[in-house]
Amino acid sequence: MSLRSLALLSFCVLLAACSKVNQENYSKLSAGMPKAEVENLLGKATDCSGALGMSSCTWGDKNSFISVQYAGDKVLMFSGQGLK
């Protein structure tokens, strides 16, 4: 394996280890939490949609994600899958 390949592999492993989509951050979520506080905890969402004062945002990918539903700017409910 070349030095460049080893460096790239190390970088990818480091990024995965630093993901904010994890069990520790999931356990910090709570109903009523302000949207800004969730974004400070998890970073920018991968995807968001909504209408009529309700919205849903997801962080992560299809294998490991956290999904948060908001009423206005407050957490209504949340779920997660594949968290480590």
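A few points on the structure. Every residue gets a number counted from 1 within its own chain, in the order that chain's sequence is written. The model is predicted, so local features are restricted to residues of pLDDT at least 70 and side-chain atom pairs to those at 80 or more, both for listing and for counting; the totals for chains, interfaces and linings are taken over all residues. The side-chain quantities take in all heavy atoms of the structure and omit both hydrogens and water.

Structural notes on helix α3 (residues 35–42)
As a reminder of what qualifies: In this scheme, a residue with accessible area under 20% of its type's maximum is buried, one over 50% is exposed, and one in between is partly exposed, where area comes from a 1.4 Å probe on protein chains only. Helix and strand assignments follow DSSP, with helices taken as H or I runs no shorter than four residues and strands as E runs no shorter than two, numbered in order from the N terminus. What the arc measures is the spread of directions leading from the helix axis to the C-beta atoms. Whether two residues are in contact is decided by their heavy atoms: any pair within 4.5 Å suffices.
Taken together, the buried positions of α3 are Val38, Leu41 and Leu42. When α3 is viewed along its axis, its buried side chains cluster within an angular range of 80° and face the same direction. Check the buried side of α3 and you find it contacts α2 (23–26), β2 (54–60), β3 (65–71) and β4 (74–81).

Side note on the pairing of β4
Rules: Any two strands with at least two DSSP bridges between them are considered paired.
Of the strand pairs in this sheet, β3 and β4 are connected by 7 bridges, and their pairing is antiparallel. Its bridge partner lying in β4, Phe65 is registered against Gln81. Counting the residues between successive antiparallel strands, the hairpin from β3 to β4 contains 2 residues, one of them, Gly72, with a positive phi of roughly 65°.

Remarks on a nonpolar patch on the surface
Quick reminder of the rule: Nonpolar side chains (Val, Leu, Ile, Met, Phe, Trp, Tyr) within 5 Å and like charges within 9 Å form the patches, drawn only from residues with over 30% relative accessible area and no salt bridge. Here the accessible surface of atoms and residues is derived via Shrake-Rupley with a 1.4 Å probe, and residues count as covered only by protein chains that are part of the display. Put simply, a salt bridge is a Lys or Arg side-chain nitrogen that is within 4 Å of an Asp or Glu carboxyl oxygen.
On the surface, a nonpolar cluster with roughly 290 Å² of combined accessible area is contributed by Met54, Leu76 and Met77. On the basis of relative accessibility, which here comes to 42%, the residue Met54 falls in the partly exposed class.

A closer look at the packing of aromatic side chains
The condition is simple: Side-chain rings of Phe, Tyr and Trp (the six-membered ring for Trp) are treated as a pair once their centres are within 6.5 Å; stacked means planes under 30 degrees apart, edge-to-face means over 60, and tilted covers the remaining angles. Counted as over-ring charges are cases with an Arg CZ or a Lys NZ within 6 Å of the ring centre that also lie within 35 degrees of the ring normal.
The tally for this structure, following the rule as stated, stands at 1 aromatic pair. For the pair Tyr26 and Phe78, a centre-to-centre distance of 5.4 Å together with 70° between the ring planes defines the contact as edge-to-face. Of the two residues, Tyr26 is situated in helix α2 and Phe78 in strand β4; the sequence distance between them amounts to 52 residues. Judged by its relative accessible area of 26%, Phe78 is partly exposed. Sitting over the face of the ring of Tyr70, Lys35 holds its NZ or CZ atom 5.1 Å from the ring centroid.

What about the pattern of salt bridges?
Following the criterion strictly, the structure yields 1 salt bridge and no others. When the shortest N-O distance is used, the salt bridge between Lys28 and Glu24 registers 3.8 Å. A residue is classified by how much of its surface remains accessible, and Lys28, at 44% relative accessible area, is partly exposed. Judged by relative accessible area, Glu24 falls into the exposed class, the value being 52%.

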